[in-house]
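Descriptive structure summary
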Amino acid sequence: AQSVTQPDIHITVSEGASLELRCNYSYGATPYLFWYVQSPGQGLQLLLKYFSGDTLVQGIKGFEAEFKRSQSSFNLRKPSVHWSDAAEYFCAVFKAAGNKLTFGGGTRVLVKP
Amino acid sequence: ETGVTQTPRHLVMGMTNKKSLKCEQHLGHNAMYWYKQSAKKPLELMFVYNFKEQTENNSVPSRFSPECPNSSHLFLHLHTLQPEDSALYLCASSQAPSGGAREDTQYFGPGTRLTVL
């Protein structure tokens, strides 16, 4: 069965600093990977996705993620964080059979002024 | 309206009440989903509908009853809930893969915050 691990429950970063969120997955076949962001009281917004091709994926809001098969990782990065990036971030892997998305536990990002 | 909408946004109900959550997608998708998001727990898939047919019931208690009358609307009927059912209920939709394609992207609504007293 597929699984997703986000090792960091909370991360605090200063505004303007870089951010990296870790995601490790376990999946037998070629993974389809996603990052979503959830602001307080809101639903999930898609940041970016990886299906195939270039392993460095660009998303919205200045985010990017890199797929590394050898490390079973799909880490999310942003070079310079804005206060509005404070939110919870979820990594997910998609299983075609059953249209199933399996989510990690999420990483809550706090941004210091 | 665009994207995926959910009503109501907030709901407080007693354990003996019957209520329904509504989800509507305006994306022309053919698959819809219910998820439960509880504090300190990962997002849990509850139900999946493909072309109005339920294809997944992730061991959800019978006090939750989904209904999908067409590919744009999804309901979650609630009755005799327990306080531990208090959570954020998220609806999502996607264009389910066909013809050998495997890619699928789910788009989420804002959720209904449910409190059971």
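Look a little higher up for the structure.
Scope of this entry: the structure provided in the associated data block. (Residues numbered from 1 in each chain as written. Chains lettered and ligands numbered in written order. Predicted model: local features only at pLDDT ≥ 70, side-chain atom pairs only at ≥ 80, totals over all residues. Heavy atoms only, no water.)

Right, let's talk about the overall build of chain B for a bit. Looking only at helices and strands, one finds zero helices and eleven strands in chain B. Helices and strands in chain B line up, N terminus first, as β-β-β-β-β-β-β-β-β-β-β. With respect to the principal axes defined by its C-alpha atoms, chain B has extents near 45 × 30 × 30 Å. In chain B, which comprises 117 residues, the share counted as buried stands at 48%. (Helix = DSSP H or I, 4+ residues; strand = E, 2+ residues; numbered from the N terminus. Buried < 20%, exposed > 50% of the residue type's maximum accessible area, 1.4 Å probe, protein only.)

What follows is about the interface of chain B and chain A. Across the boundary between the two partners, chain B contributes 25 residues, which contact 23 residues of chain A. Counting the surface lost from both chain B and chain A, the interface buries some 1900 Å², and carbon and sulfur atoms represent 53% of this. Remark: the boundary between chain B and chain A carries one salt bridge. Applying the counting criterion to the chain B and chain A interface returns six residue pairs in polar contact (both at pLDDT 80 or more). Looking at the side of chain B that touches chain A, the elements that each hand over two or more residues are β4 (31–37), β5 (44–50), β9 (87–94) and β10 (107–108) of chain B. Considering every element that reaches the side of chain B that touches chain A, the biggest residue donor is β4(B), with four residues. Classifying every residue of the side of chain B that touches chain A by side-chain character gives 14 nonpolar, six polar and five charged. (Contact = heavy atoms within 4.5 Å. Buried area = accessible area lost by both parts, 1.4 Å probe. Salt bridge = Lys/Arg side-chain N within 4 Å of Asp/Glu carboxyl O. Polar contact = N/O pair within 3.5 Å; in protein donor to acceptor, adjacent residues only side chain to side chain. Nonpolar A, V, L, I, M, F, W, Y, C, P; charged D, E, K, R; others polar.)

This part takes up empty space enclosed by the protein. All names here are of chain A. Inspection of every chain in the model, using the stated rule, returns one cavity of 30 Å³ or more. Its volume calculated, the largest cavity comes out at about 40 Å³. V37, S39, K61, F63, S84, D85, A87 and Y89 are the residues that line the largest cavity. Of the residues in the lining of the largest cavity, the class split is four nonpolar, two polar and two charged. (1 Å grid on protein atoms, 1.4 Å probe; cavity = no way out; pocket = protein on both sides within 12 Å on 5 of 7 lines; lining within 4 Å. Points joined across faces, edges and corners; volume = space filled by probe spheres on them.)

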